[in-house]
Amino acid sequence: MGATRVVRCLGIGEVLWDMLPAGRQLGGAPANFAYHAHAFGADALVVSRVGNDALGREILDRLRGLGLPKDGVSVDPTAATGTVSVTLSAGGQPDFTIHEDVAWDRLSVEPHALAMARTADVVCFGSLAQRSMASRQSIRELVAATPAGALRVFDINLRQQFYSLEVVEASLRLANVLKINDAELPVVAGMLNLTASRGPRCRNWRAASA
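Residues numbered from 1 in each chain as written. Predicted model: local features only at pLDDT ≥ 70, side-chain atom pairs only at ≥ 80, totals over all residues. Heavy atoms only, no water.

Is there a simple way to think about the packing of aromatic side chains in this case?
Given two aromatic rings, one states the distance between the centres and the angle between the planes to describe the pair. The final tally for this structure, using the stated rule, is one aromatic pair. The ring of Phe162 carries Arg131 above its face, with NZ or CZ at 4.6 Å from the centroid. (Phe/Tyr/Trp six-rings, centres within 6.5 Å; stacked < 30°, edge-to-face > 60°. Lys NZ or Arg CZ within 6 Å of the ring centre and 35° of its normal.)

Pasting the structure below:
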């Protein structure tokens, strides 16, 4: 029997620090995807951008410690590494502030990431990292470069004001898998002018008539 081929996966978008009251934690949905794919034995790559600062260097060190290559993470000479400030209300509910104009807002298409995209079996990308024009164009170029048979997972992530109808529609056209939660589903349905009829075991969505 032949050797089993290793699946190649890309997580494209934000990598950042969640600044929690108890301390900072490495975050970013695409980075989390790459980490879990790697844990299951995939050849996984995080494609993102960090700042030329202590937080950025710590991310690169952390990725290396997790067994993930850092080749897909470029270093921006001027923008800071991405952070999210997290505070807790009196009731214990978290409040997130995703800081803008950070390194992953300047994501570029690097040769190594593009070469990996052209042979990828699975790519995961979201809506949050498409809040800037530079990263939006780069993400779409990389996703479009994946083979026709690749799984293209759109992990929609409706955070603050960082999404739009254009981003959602364009990403859905690129994707063949949509990851969405119960809170996001009615928001996206409203944006796309969809209505729902709920049966006892499933939900059927359809475009609303004009």
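Next comes the rest of the write-up.
Where do I start with the layout of surface pockets in this structure?
Over the atoms a probe the size of a water molecule is rolled, and this reveals where empty space is left. There is about 230 Å³ of room inside the largest pocket. Along the walls of the largest pocket sit 13 residues, with Leu16, Asp18, Gly28, Asn157 and Arg159 positioned nearest its centre. Residue assignment for the lining of the largest pocket shows that the elements contributing at least two residues are strand E2 (16–20), helix H1 (29–39) and strand E7 (94–98). Among the residues forming the lining of the largest pocket, the class breakdown is six nonpolar, four polar and three charged. (1 Å grid on protein atoms, 1.4 Å probe; cavity = no way out; pocket = protein on both sides within 12 Å on 5 of 7 lines; lining within 4 Å. Points joined across faces, edges and corners; volume = space filled by probe spheres on them. Helix = DSSP H or I, 4+ residues; strand = E, 2+ residues; numbered from the N terminus. Nonpolar A, V, L, I, M, F, W, Y, C, P; charged D, E, K, R; others polar.)

Help me understand empty space enclosed by the protein in this model?
Enumeration over the complete set of coordinates arrives at one cavity of 30 Å³ or more. Here the largest cavity defines a volume of roughly 40 Å³. Among the elements that take part in the lining of the largest cavity, strand E8 (residues 122–126) stands out by supplying three residues, more than any other. Here the residues of the lining of the largest cavity sort into five nonpolar, three polar and two charged.

Just checking my understanding: could you explain the nonpolar core for this structure?
When a protein is soluble and globular, its nonpolar side chains tend to lie buried together. Counting 31 residues, the largest nonpolar core has Leu10, Ile12 and Val47 as the members making the most contacts within it. Listing elements by their share of this core, those giving two or more residues are strand E1 (8–12), strand E4 (43–51), strand E6 (83–88), helix H3 (111–117), E8, helix H4 (133–144) and helix H5 (165–174). The element best represented in this core is H3, accounting for four residues. Not counting residues within four places of it along the chain, the set of residues in contact with Leu10 comprises Phe33, Leu45, Val47, Ala113, Met116, Ala117, Ala120, Val122, Val123 and Cys124. Val15, Ala37, Val122 and Val153 belong to the second-largest nonpolar core, a separate cluster that totals 18 residues. (Core = buried A, V, L, I, M, F, W, Y, C linked by side-chain atoms within 4.5 Å. Buried < 20%, exposed > 50% of the residue type's maximum accessible area, 1.4 Å probe, protein only. Contact = heavy atoms within 4.5 Å.)

Where do I start with helix H6 (residues 184–191) in this structure?
Since one α-helical turn is 3.6 residues long, residues separated by three or four positions face the same way. Here H6 has its buried residues at Glu184, Leu185, Val188 and Ala189. Angularly, the buried residues of H6 cover 130° about the axis, an arc narrow enough to put them on a single face. At the C-terminal side of H6, Asn193 shows a positive phi close to 60°. (Arc of directions from axis to C-beta.)

Is there a simple way to think about the sheet that holds strand E10 (residues 177–179) in this case?
Two pairing modes exist for strands in a sheet, parallel and antiparallel, and in both the strands are linked by backbone hydrogen bonds. Taken in spatial order, the six strands make up an open sheet running E5-E4-E1-E8-E9-E10, and their pairing is parallel. A single partner strand is all that each edge strand has here, and the edge strands are strand E5 (73–76) and E10. Between one strand and the next, the sheet's axes are offset by a mean angle of 15°, whatever the strand orientation. Alignment of E1 against E4, held across five bridges, turns out to be parallel. Counted as the bridge partner of Leu10 is Leu45 from E4. Packed onto the sheet, H5 meets E8, strand E9 (151–155) and E10 and runs at close to 160° relative to E9. (Pairing = 2+ DSSP bridges. Axes fitted to C-alpha atoms, helices over the stretch in contact; angles between N-to-C directions.)

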